[in-house]
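# Notes for the structure review
Each chain, letter by letter, is given below.
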Amino acid sequence: MAAVPPAQAAPAPASAPAPAQAPAGRGGSACRGHGVDPAARIRYGSDVVIHASLARIWTLQTDVERWPVWQPPVTGAERLDAGPLRKGSRFRWTTPAPATPTTAATTLEITSTVRQLQRGGCVLWSGPAVGEGLRIDEGVHLWTFTEVDGGVRVHTEETWTGAQVEADVPTATAALAAGLEAWLRDLKTTAEHA
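These lines cover the structure that appears in this document, whether it is placed above or below.

So, on to the nonpolar core. Ranked by internal contacts, the top residues of the largest apolar core, which has 43 residues, are Ile57, Trp67, Trp143 and Val154. A total of 10 residues in this core trace back to one element, the largest contributor, which is helix α4 (residues 169–193). Leaving out residues up to four positions away in the same chain, Ile57 has contacts with Ile50, Ala52, Phe145, Val152, Val154, Leu187 and Ala191. Membership of the second largest hydrophobic core comes to six residues, among which are Cys31, Val36, Leu124 and Val140.

Printed below as a string of C-alpha coordinates:
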(Lines give C-alpha, C1' and ligand atoms only; values in the text may rest on other atoms or scores of the structure.)
Protein backbone atom coordinates (compact mmCIF):
# COMPACT_ATOMS: atom_id res chain seq x y z
CA MET A 1 0.00 0.00 0.00
CA ALA A 2 1.37 3.37 -0.96
CA ALA A 3 1.94 6.09 1.54
CA VAL A 4 -0.58 8.86 0.99
CA PRO A 5 1.21 12.21 1.19
CA PRO A 6 -0.48 15.10 2.99
CA ALA A 7 -0.70 17.18 -0.19
CA GLN A 8 -2.10 15.50 -3.28
CA ALA A 9 0.03 16.06 -6.35
CA ALA A 10 -1.37 15.62 -9.82
CA PRO A 11 -0.73 12.04 -10.85
CA ALA A 12 2.07 11.44 -13.31
CA PRO A 13 1.35 9.19 -16.25
CA ALA A 14 1.78 5.47 -15.64
CA SER A 15 4.87 3.96 -17.21
CA ALA A 16 5.23 0.70 -19.01
CA PRO A 17 6.15 -2.27 -16.82
CA ALA A 18 9.81 -3.16 -16.44
CA PRO A 19 10.65 -5.24 -19.52
CA ALA A 20 12.24 -8.13 -17.62
CA GLN A 21 9.00 -9.00 -15.83
CA ALA A 22 6.45 -11.57 -16.96
CA PRO A 23 2.86 -10.44 -17.45
CA ALA A 24 0.39 -10.97 -14.60
CA GLY A 25 -3.18 -9.86 -14.92
CA ARG A 26 -4.09 -6.72 -16.89
CA GLY A 27 -0.76 -5.81 -18.44
CA GLY A 28 1.18 -5.73 -15.20
CA SER A 29 4.39 -7.14 -13.85
CA ALA A 30 4.81 -10.11 -11.57
CA CYS A 31 6.82 -11.48 -8.66
CA ARG A 32 7.23 -15.23 -8.95
CA GLY A 33 4.15 -15.34 -11.15
CA HIS A 34 1.96 -13.22 -8.86
CA GLY A 35 0.93 -9.59 -9.35
CA VAL A 36 -1.59 -7.01 -8.28
CA ASP A 37 -5.34 -7.67 -8.31
CA PRO A 38 -6.35 -7.92 -11.99
CA ALA A 39 -10.01 -7.15 -11.18
CA ALA A 40 -9.39 -4.05 -9.05
CA ARG A 41 -10.90 -0.80 -10.30
CA ILE A 42 -8.34 1.34 -8.48
CA ARG A 43 -4.83 0.81 -9.83
CA TYR A 44 -1.67 2.72 -10.61
CA GLY A 45 1.81 1.84 -11.80
CA SER A 46 5.01 3.77 -12.39
CA ASP A 47 8.75 3.31 -12.64
CA VAL A 48 12.01 5.18 -12.32
CA VAL A 49 15.67 4.53 -12.98
CA ILE A 50 17.74 4.97 -9.85
CA HIS A 51 21.48 5.52 -10.23
CA ALA A 52 22.60 3.39 -7.29
CA SER A 53 23.45 -0.24 -6.65
CA LEU A 54 20.74 -2.88 -6.55
CA ALA A 55 21.98 -3.92 -3.09
CA ARG A 56 21.51 -0.38 -1.72
CA ILE A 57 18.04 0.04 -3.24
CA TRP A 58 16.92 -3.42 -2.07
CA THR A 59 18.11 -2.74 1.47
CA LEU A 60 16.29 0.59 1.65
CA GLN A 61 13.06 -0.91 0.33
CA THR A 62 13.03 -4.05 2.49
CA ASP A 63 14.27 -2.58 5.80
CA VAL A 64 10.69 -1.73 6.71
CA GLU A 65 11.41 -0.35 10.18
CA ARG A 66 13.66 2.34 8.66
CA TRP A 67 11.04 3.62 6.19
CA PRO A 68 10.16 6.62 8.40
CA VAL A 69 13.82 7.75 8.22
CA TRP A 70 13.70 8.36 4.46
CA GLN A 71 9.97 8.54 3.65
CA PRO A 72 8.30 11.53 5.34
CA PRO A 73 4.77 10.20 4.66
CA VAL A 74 5.49 7.04 6.69
CA THR A 75 5.02 8.07 10.32
CA GLY A 76 5.71 4.67 11.89
CA ALA A 77 6.70 1.14 10.87
CA GLU A 78 7.28 -2.08 12.77
CA ARG A 79 8.01 -5.66 11.80
CA LEU A 80 5.66 -8.22 13.31
CA ASP A 81 8.23 -11.02 12.96
CA ALA A 82 12.03 -11.35 13.09
CA GLY A 83 14.67 -11.96 10.46
CA PRO A 84 15.05 -10.80 6.88
CA LEU A 85 11.93 -9.91 4.94
CA ARG A 86 10.57 -13.11 3.33
CA LYS A 87 7.35 -14.68 2.09
CA GLY A 88 4.92 -14.65 5.02
CA SER A 89 6.61 -11.73 6.83
CA ARG A 90 4.20 -9.20 8.33
CA PHE A 91 4.63 -5.53 9.16
CA ARG A 92 2.46 -2.67 10.36
CA TRP A 93 2.93 0.96 9.32
CA THR A 94 1.11 4.26 9.45
CA THR A 95 0.68 7.14 7.04
CA PRO A 96 -1.61 10.19 6.91
CA ALA A 97 -4.55 10.27 4.48
CA PRO A 98 -5.72 13.77 3.56
CA ALA A 99 -9.35 14.82 3.52
CA THR A 100 -11.33 14.14 0.36
CA PRO A 101 -14.80 15.27 -0.66
CA THR A 102 -16.24 12.23 1.16
CA THR A 103 -13.78 11.52 4.01
CA ALA A 104 -12.05 13.51 6.74
CA ALA A 105 -8.28 13.54 7.12
CA THR A 106 -7.07 10.54 9.10
CA THR A 107 -4.08 8.31 9.78
CA LEU A 108 -4.16 4.92 8.11
CA GLU A 109 -2.80 1.88 9.92
CA ILE A 110 -1.72 -0.69 7.34
CA THR A 111 -0.95 -4.32 8.17
CA SER A 112 0.93 -5.90 5.27
CA THR A 113 1.84 -9.53 4.59
CA VAL A 114 4.56 -10.43 2.08
CA ARG A 115 2.96 -12.72 -0.53
CA GLN A 116 6.00 -13.25 -2.76
CA LEU A 117 9.66 -12.26 -2.64
CA GLN A 118 12.70 -12.88 -4.79
CA ARG A 119 15.74 -11.37 -3.10
CA GLY A 120 17.03 -8.47 -5.20
CA GLY A 121 14.31 -8.98 -7.82
CA CYS A 122 10.82 -8.35 -6.52
CA VAL A 123 8.49 -8.18 -3.55
CA LEU A 124 4.69 -8.35 -3.39
CA TRP A 125 2.71 -7.56 -0.24
CA SER A 126 -0.94 -7.01 0.57
CA GLY A 127 -3.24 -6.07 3.40
CA PRO A 128 -5.92 -3.72 4.68
CA ALA A 129 -5.58 -0.05 5.60
CA VAL A 130 -7.86 1.32 8.28
CA GLY A 131 -8.27 4.82 9.64
CA GLU A 132 -10.96 6.88 11.37
CA GLY A 133 -13.75 6.97 8.79
CA LEU A 134 -11.69 5.39 5.99
CA ARG A 135 -11.04 1.78 5.01
CA ILE A 136 -9.23 0.12 2.11
CA ASP A 137 -10.20 -3.55 2.31
CA GLU A 138 -7.09 -4.71 0.49
CA GLY A 139 -4.15 -3.01 -1.10
CA VAL A 140 -1.86 -5.23 -3.19
CA HIS A 141 1.57 -3.69 -3.80
CA LEU A 142 4.23 -4.99 -6.20
CA TRP A 143 7.83 -3.80 -6.56
CA THR A 144 10.27 -5.08 -9.21
CA PHE A 145 13.96 -4.24 -9.54
CA THR A 146 15.85 -4.69 -12.84
CA GLU A 147 19.49 -3.74 -13.35
CA VAL A 148 20.00 -1.46 -16.37
CA ASP A 149 22.96 0.56 -17.68
CA GLY A 150 23.94 2.96 -14.92
CA GLY A 151 21.50 1.80 -12.28
CA VAL A 152 18.29 -0.03 -11.51
CA ARG A 153 14.81 0.33 -13.00
CA VAL A 154 12.38 0.25 -10.08
CA HIS A 155 8.81 -0.51 -11.08
CA THR A 156 5.84 -0.38 -8.74
CA GLU A 157 2.17 -1.19 -9.16
CA GLU A 158 -0.64 -1.15 -6.64
CA THR A 159 -4.35 -1.91 -6.56
CA TRP A 160 -6.99 -1.06 -3.96
CA THR A 161 -10.33 -2.73 -3.34
CA GLY A 162 -13.18 -1.98 -0.97
CA ALA A 163 -16.63 -0.45 -1.17
CA GLN A 164 -15.59 2.87 0.38
CA VAL A 165 -12.69 3.64 -1.99
CA GLU A 166 -14.56 2.19 -4.98
CA ALA A 167 -17.37 4.70 -4.38
CA ASP A 168 -15.04 7.40 -5.78
CA VAL A 169 -12.56 5.72 -8.13
CA PRO A 170 -11.03 8.96 -9.56
CA THR A 171 -10.25 10.39 -6.10
CA ALA A 172 -8.89 7.07 -4.81
CA THR A 173 -6.77 6.60 -7.94
CA ALA A 174 -5.36 10.13 -7.63
CA ALA A 175 -4.45 9.47 -3.97
CA LEU A 176 -2.80 6.17 -4.88
CA ALA A 177 -0.86 7.78 -7.74
CA ALA A 178 0.39 10.62 -5.56
CA GLY A 179 1.51 8.18 -2.88
CA LEU A 180 3.40 5.93 -5.28
CA GLU A 181 5.09 8.83 -7.06
CA ALA A 182 6.21 10.28 -3.70
CA TRP A 183 7.57 6.86 -2.64
CA LEU A 184 9.58 6.52 -5.87
CA ARG A 185 10.96 10.07 -5.50
CA ASP A 186 11.97 9.43 -1.88
CA LEU A 187 13.58 6.09 -2.76
CA LYS A 188 15.52 7.63 -5.66
CA THR A 189 16.68 10.63 -3.64
CA THR A 190 17.79 8.51 -0.70
CA ALA A 191 19.52 5.83 -2.77
CA GLU A 192 21.38 8.31 -4.96
CA HIS A 193 22.41 10.88 -2.34
CA ALA A 194 22.77 9.24 1.05
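The tally for this structure, following the rule as stated, stands at nine aromatic pairs. Aromatic rings pair up to connect Trp67, Phe91, Trp93, Trp125, Trp143 and Trp183 into one cluster.

Two faces belong to every sheet, and in a regular strand the side chains alternate between them. Judged from the eight bridges that link them, strand β3 (residues 90–97) and strand β4 (residues 106–118) form a sheet pairing that is antiparallel. Residue Thr94 lies in a different strand from β4, and its bridge partner there is Glu109. As judged from the seven bridges shared by β4 and strand β5 (residues 122–131), these two strands associate in the antiparallel manner. Across the sheet, Thr113 pairs through a bridge with Ser126, a residue of β5.

With that out of the way, let us pick up the packing of helix α1 (residues 54–62) against α4. The packing of two helices is summarised by the inter-axis angle and the distance between the axes. At a closest axis distance of 10 Å, the pairing of α1 and α4 adopts a crossing angle of 130 degrees. Compared by their axis directions, α1 and α4 come out oblique. As for the relative orientation of α1 and α4, their crossing is right-handed in sense. For the pair α1 and α4, the contacting residues are Arg56, Ile57, Leu60 and Gln61 in the first and Trp183, Leu187, Thr190 and Ala191 in the second. A per-class count over the contact of α1 with α4 returns five nonpolar, two polar and one charged.

If you walk through the whole model with that rule in mind, you get one disulfide. The disulfide partner of Cys31 is Cys122, and the gap between their sulfur atoms is 2.2 Å. Residues Cys31 and Cys122 are joined by a disulfide whose S-S torsion is about 70 degrees; by sign, that bridge is right-handed. Residue Cys31 is located in the segment before β1 (42–50), and its partner Cys122 is located in strand β5; the two are separated by 91 residues in the primary sequence. The same class applies to Cys31 as to Cys122, namely buried.

The rules behind each value
- Residues numbered from 1 in each chain as written.
- Predicted model: local features only at pLDDT ≥ 70, side-chain atom pairs only at ≥ 80, totals over all residues.
- Heavy atoms only, no water.
- Core = buried A, V, L, I, M, F, W, Y, C linked by side-chain atoms within 4.5 Å.
- Buried < 20%, exposed > 50% of the residue type's maximum accessible area, 1.4 Å probe, protein only.
- Helix = DSSP H or I, 4+ residues; strand = E, 2+ residues; numbered from the N terminus.
- Contact = heavy atoms within 4.5 Å.
- Phe/Tyr/Trp six-rings, centres within 6.5 Å; stacked < 30°, edge-to-face > 60°.
- Pairing = 2+ DSSP bridges.
- Axes fitted to C-alpha atoms, helices over the stretch in contact; angles between N-to-C directions.
- Parallel < 35°, antiparallel > 145°, perpendicular 65-115°, else oblique.
- Left-handed = near helix turned anticlockwise from the far one by under 90°.
- Nonpolar A, V, L, I, M, F, W, Y, C, P; charged D, E, K, R; others polar.
- Disulfide = S-S within 2.5 Å.

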